[in-house]
Amino acid sequence: MSRQMKKNLVAYSFILPNFLGFAVFTLGPVIFALILGFLEWDGNNPMVFVGLSNFKELFADSRFKIALWNTITYVIGTVPLTLVSALALAVVLNQKVKGRNFFRTVSFFPYVASLVAVAAVWNMIFNPANGPINMLLYKLGVSADHLPGWAADKHWAMITVILFSVWKNMGYYMVIYLAGLQGISGELYEAAGLDGANAWQKFKNITWPMLSPTTFFVIIMLTINSFKVYDQMYMITQGGPGTSTLVLVYHIYNVAFKNWDLGYASAISMVLFLLVLIVTIVQFKGEKKFVNY
Amino acid sequence: MGSQKRNTIKQILLYSVLIIIALIMLLPFAWMLSASIKFNKDVFTFPIQWIPDQPQWSNYIKIWTKIPLFTFIKNTAKLTIIVTILQLLTSSFAAYAFAKLDFKGKNALFLGYIGTIAVPWQAYMVPQFMMMRSFNLNNTHLAIICLQAFSAFGVFLMRQFYQSIPDELCEAARIDGMNEYQIYGKLMLPLSKPALSTLTIFTFVGTWNDFLGPMLYLTRDELKTIQIGLRMFITQYSAEYGLIMAASVVILIPVLIVFLSLQKYFVEGIASTGIKG
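Cut-offs and rules
- Here, residues in each chain are numbered from 1, in the same order as that chain's written sequence.
- Chain A is the first chain written and ligand 1 is the first ligand written, with later ones labelled in order.
- Local features are withheld for residues below a pLDDT of 70 in this predicted model, meaning they are given only at 70 or higher, and side-chain atom pairs are given and counted only at 80 or more; totals for whole chains, interfaces and linings count all residues.
- Domain delimitation in this document rests on an assignment produced automatically or drawn from a domain database.
- Placing C-beta atoms from the backbone, we regard two residues as in contact once those atoms come within 7 Å.
- Here a helix means four or more residues in a row that DSSP labels H or I, a strand means two or more in a row labelled E, and each is numbered from the N terminus.
- Classification used: nonpolar for Ala, Val, Leu, Ile, Met, Phe, Trp, Tyr, Cys and Pro, charged for Asp, Glu, Lys and Arg, polar for all others including Gly.
- Take the buried Ala, Val, Leu, Ile, Met, Phe, Trp, Tyr and Cys residues, join any whose C-beta atoms are within 7 Å, and the set you get is a nonpolar core.
- With C-beta atoms placed from the backbone, the exposure class of a residue follows from how many other C-beta atoms lie within 10 Å of its own: 20 or more, buried; 12 or fewer, exposed; in between, partly exposed.
- One less than the residue count of a helix, multiplied by 1.5 Å, gives the span that helix is expected to have.
- Geometry is summarised by axes, namely lines fitted to C-alpha atoms with helices restricted to the contacting stretch, and by angles between N-to-C directions that run from 0 to 180 degrees.
- Angles are sorted into four bins: roughly parallel if under 35 degrees, roughly antiparallel if over 145, roughly perpendicular if 65 to 115, and oblique for all others.
- We call a crossing left-handed when the near helix sits turned anticlockwise from the far one by less than a right angle, and right-handed when that turn is clockwise.

Chemist: Please give an account of the domain arrangement of chain B that cites residues and values.
Modeler: Residues and elements named next belong to chain B. When the domains of chain B are assigned, the result is domain 1 (2-36) and domain 2 (61-273). Taking the mean C-alpha position of each, domain 1 and domain 2 sit 34 Å from one another. Across the contact, four residues belong to domain 1 and six residues belong to domain 2.

Chemist: Describe the interface of chain B and chain A, listing the residues and the values that go with them.
Modeler: At the junction of the two partners, chain B supplies 65 residues and chain A supplies 70 residues. When residues in the side of chain B that touches chain A are grouped by element, the largest group, eleven residues, is from helix H13 (residues 241-273) of chain B. Here the side of chain B that touches chain A is built from residues that sort into 49 nonpolar, eleven polar and five charged.

Chemist: So what's going on with the nonpolar core? Residues and values would help.
Modeler: Residues Met174, Tyr177 and Ile268 of chain A are the most contacted members of the largest nonpolar core, which totals 154 residues. Tallying contributions element by element places helix H7 (residues 157-182) of chain A first for this core, with 13 residues. Both of domain 1 (2-36) and domain 2 (61-273) of chain B provide at least three residues apiece to this core. Non-local contacts of Tyr177 of chain A, meaning those with residues more than four positions away in its chain, are made with Ala86, Leu87, Ala90, Leu211, Thr214 and Val218 of chain A.

Chemist: Tell me about the environment of Asn8 of chain A, residues and numbers included.
Modeler: Inspection of the secondary structure puts Asn8 of chain A in helix H1 (residues 3-36). In this view, Asn8 of chain A contacts Phe103 and Lys104 of chain B; residues no more than four positions away in its chain are not counted.

Chemist: Before we move on, can you summarise helix H10 (residues 193-209) of chain B with the specific residues and values?
Modeler: Over its 17 residues, H10 of chain B extends 23 Å from the first C-alpha to the last, a length consistent with the 24 Å expected when each residue adds 1.5 Å. Buried residues dominate H10 of chain B, accounting for 15 of its 17 residues.

Chemist: Give a detailed account of the packing of helix H5 (residues 115-125) of chain A against helix H12 (residues 226-236) of chain B, specifying residues and quantitative values.
Modeler: Put simply, H5 of chain A and H12 of chain B touch, their axes get as near as 9 Å, and they point 25° apart. The angle between H5 of chain A and H12 of chain B places the two elements in the roughly parallel class. Across the interface between the two elements, Val116, Ala117 and Ala120 of chain A from H5 of chain A touch Gln227, Leu230, Arg231 and Ile234 of chain B from H12 of chain B. The class makeup of the residues in the contact of H5 of chain A with H12 of chain B is five nonpolar, one polar and one charged.

Chemist: Let's hear about the packing of H1 of chain A against helix H3 (residues 69-100) of chain B: which residues, and what values?
Modeler: Where H1 of chain A meets H3 of chain B, the axes come as close as 8 Å, and the angle between the chain directions of the two elements is 135°. On the basis of their axis angle, the class for H1 of chain A and H3 of chain B is oblique. For the pair H1 of chain A and H3 of chain B, the sense of crossing is left-handed. Residues Ala11, Phe14, Ile15, Pro17, Asn18, Phe19 and Gly21 of chain A of H1 of chain A form the contact with H3 of chain B, whose own contacting residues are Thr90, Ser91, Phe93, Ala94, Tyr96 and Ala97 of chain B. Across the contact of H1 of chain A with H3 of chain B, the residue classes break down as nine nonpolar, four polar and no charged.

So, in structure tokens, the structure goes:
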């Protein structure tokens, strides 16, 4: 056996355990998903090739349009709010203060905490009838008729879920920003200090531009993760009231596992995949333009 | 004098901001703890009574009989531990080859891995479920293990970290007569603690907290994980506020322990690998 052959075999032996699982349980289904969009299948009877008809059906499906619109609304609401909160948290928690590690840990904890558990608390705290938030608003002088209905009101439901997501996830993006901040040389701030720059000028002229690669990464990750939202909706609003928080993954779930229209569910999945793909391509193409130093 | 005074004001401002942040982050958990030892009728009293007059510690006993909490926790712990160990072993193993070895088909294979990172799981969960069903794996724990243990993300994260370790180190070890498996086991693994810790936190938290996967695959009560079990309980007994909160506290504890014991590696791990969740 040649030396290179031996080297190849050693390398394959390293990869094989992971690759077997990966190929069967991820790669296979991904390829299957690409095909399934062109088929009609209820899971029991034989599959039938139907060409583009599943994709044509999308244009006539009003629930799909609502779900797409709601998903985009959620993305537009969540991304900037989370970004600003995470950056602010990171800048504050990068200062030399006593108990810094405690505050960092506390800020990160909601991210690792069980979603079911924190969603249960959230539902109670934001209970429109007797939750502490509305009681406080009432005490502060908001009249009973004008108290927000939160998850129970179709105008407030999306806002409630967005607020919850920002609270739950900002700690994670804070950690990424902290890592970015630690890469900025202290000398830059010292030099700016000698020139008499104030805190805001330092932020605007040093921190923000130096962090642009991190910001870019955070925006991409946040956008992709927001497109995939499902669990929060399931636990806080069940997609309602009405269709006010029906999102793409919710629709996919219902079409697939309630109506057993698997081909059409895959066509909707394809739209979700395309949205995420576009964001990913923007990441690769745009990184150079966006990074401004 | 003037600058000293300004410094003091700055410190006071800074700490006020920090305290407000901590309150926003922690108050929901404090409320959870407080409600977990209350009668249902007292949960919503306003102004909030943080420490009730008659703490109902019995809530913490009742939850074990009212729902099969022990079974749920046992199932979740089993799945989480198996998935985390498999994920750490197989992905650090594969990542070593991608980072430090030259072999035929390396780029094509790696592209296959990277390509699927960009595909959201939710976009192929339907065909994956149908495939698992044809293997008769629905309503088995094996389905969840297969689903979670071989992620492309783990391989990618470990590879990024290994690449930051100089190749000269491996070369030197090879000259000393170590084979690749020894280099991986004796050199790379001990050096990659931050990356392994990061991956452990992500995998442990991800599996412990996973919701949609178990909801699709595990419909029999005796197989359910804590997340879907608790969710089922909340739907059935929506007015049992005290019990719901007590169960919530119980399921937060394992994640809290893992997180606190590994968190010192965590920022370092994210910084050195620069990755997602």
